[in-house]
Amino acid sequence: DNDYHITVLFQQMKEGAAGYFRTQDEYQKVQAPDSNEREMVYLAAKGIFSPITKSYLAHEFTHLITFNQKDRLRGVEEETWLNELRADYSPTLLGYDEEYQGSNLQQRVRQFISSPSDSLTEWQAQNSDYGVINIFSQYLVEHYGIKILADSLHSKEAGIPSLNKALKENGYRKNFSQVF
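Starting afresh in each chain, residues are numbered from 1 along the sequence in its written order. Reporting of local features is limited, given that this is a predicted model, to residues whose pLDDT is at least 70; pairs of side-chain atoms are given and counted only at 80 or more, and all residues count toward the totals for whole chains, interfaces and linings. Side-chain measures here rest on the full set of heavy atoms in the structure, leaving out hydrogens and waters.

(A) Quick look at the packing of aromatic side chains. For Phe, Tyr and Trp, rings pair up if their centres lie within 6.5 Å, where Trp contributes its six-membered ring, and each pair is then called stacked (planes under 30 degrees apart), edge-to-face (over 60) or tilted (otherwise). What the rule picks out here adds up to 6 aromatic pairs. With a centroid separation of 4.9 Å and 85° between ring planes, the pair formed by tryptophan 123 and tyrosine 130 is classed as edge-to-face. Note on phenylalanine 136 and phenylalanine 176: the rings are 5.8 Å apart at their centroids and 70° apart in plane angle, and the pair reads as edge-to-face. Of this pair, phenylalanine 136 sits in helix 5 (residues 127-144) while phenylalanine 176 sits in helix 8 (residues 176-179); the two residues are 40 residues apart in sequence, bridging distant segments of the chain. As far as the burial class goes, phenylalanine 136 and phenylalanine 176 line up, both buried. These aromatic residues form a ring-pair network of at least three members: Trp81, Phe136, Phe176 and Phe180. Helix and strand labels come from DSSP, where a helix needs a run of H or I of at least four residues and a strand needs a run of E of at least two; each type is numbered from the N terminus. Exposed residues in this analysis have more than 50% of their type's maximum accessible area, buried residues have under 20%, and partly exposed residues fall in between, with area computed by a 1.4 Å probe over protein chains only.

Shown next, in the form of structure tokens:
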């Protein structure tokens, strides 16, 4: 049974992925039979000593926080693109992107440049998706402040409506489409 569980976890680590967060682990085994029954994130062992690993941990830990703030406390599931946006901004927030060379931000800028017309809100889990959400998050925070992301996280709304509410609560007359 334990070997099967480990095999399932390895299969869930997408080729090239640095880590992930599983919502199933947040539930008791009665609700999710393959749950680890704890808050946890997974990181790829092959890159554990890389300096960028802190960025991956921050990203996955932000998914855990989002699950607790949205699903658990407010009973709403966040839209994937906004969940990824907050998670991918977290390395910048924590200062891990201050040294640009080799940073998560540098990777995301390259991904954005290679596909600048990729949709922000249509999440396909492609590298280009991470590029566009990261660049938009940098713009959003630089122009409207980190409180926009925090307030949207603490909202009963999800996706664009949560950003619209956060913009309004922070005194901005622009909505998401005008900001974008």
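Having seen it, we continue.
(B) Broad picture of the side chain of serine 152. With respect to the helices and strands, serine 152 occurs in helix 6 (residues 147-153). Residue classification places serine 152 among the buried positions, given a relative accessible area of 0%.

Nothing here speaks to function; it is all geometry.
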